[in-house]
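These are the residues of each chain, in order.
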Amino acid sequence: MFRPRRAARHAKNLFSSWTARHRPTGGLPALSVRRLRSSWIVELLSARIDLGVVAAAAGMSTSALARYQHFVPALDEPTAVALLRGRAM
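Structural notes, computed from the coordinates. This one's a predicted model, so the numbers in the text were calculated from it and none came from an experiment.

1. Concerning the nonpolar core
Logical step 1: Formed by Ile 41, Val 42, Leu 44, Leu 45, Val 54, Ala 55, Ala 58, Met 60, Leu 65, Tyr 68 and Val 72, the largest nonpolar core amounts to 11 residues.
Logical step 2: Only α2 (33-46) and α3 (51-58) provide two or more residues apiece to this core.
Logical step 3: With 4 residues, α2 is the largest single contributor of residues to this core.
Logical step 4: Dropping the residues within four chain positions of it, Val 42 is found in contact with Tyr 68, Phe 71 and Val 72.

Structure (structure tokens):
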């Protein structure tokens, strides 16, 4: 389905090979599995999903998520106060 004219029996990495064959048009950057994964992780962290849940879903340790933290926007003051006081956002 993704690689109809493949020569090898099994792709080394199905997603990487698919993104390599399908180039966006109109001056858009090429798709990158690494960048897509990073965007997904930052989106989850920005939604304030528990680090342990994000780490498990990404197959990483919670300490490995530290490199993504500088892409996560800071909370506004009312939201931070509500979280510190134990109220839902």
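2. With respect to α3
Logical step 1: Those residues of α3 not exposed but buried are Val 54, Ala 55 and Ala 58. Looking straight down α3, one finds that the buried residues subtend no more than 100° of arc, so they occupy a single side. In α3, the exposed residues that point more than 90 degrees away from the buried face are Ala 56 and Ala 57.
Logical step 2: Buried residues in α3 make contact with α2.
Logical step 3: You can read the cap of α3 off the contacts: a side-chain oxygen lies 3.0 Å from the backbone nitrogen of Gly 52, and it is on Asp 50.
Logical step 4: Trailing α3 by a residue or two, Gly 59 shows a phi angle of about 70°, which is positive.

The rules we used
- Residues numbered from 1 in each chain as written.
- Predicted model: local features only at pLDDT ≥ 70, side-chain atom pairs only at ≥ 80, totals over all residues.
- Heavy atoms only, no water.
- Core = buried A, V, L, I, M, F, W, Y, C linked by side-chain atoms within 4.5 Å.
- Buried < 20%, exposed > 50% of the residue type's maximum accessible area, 1.4 Å probe, protein only.
- Helix = DSSP H or I, 4+ residues; strand = E, 2+ residues; numbered from the N terminus.
- Contact = heavy atoms within 4.5 Å.
- Arc of directions from axis to C-beta.
- Polar contact = N/O pair within 3.5 Å; in protein donor to acceptor, adjacent residues only side chain to side chain.

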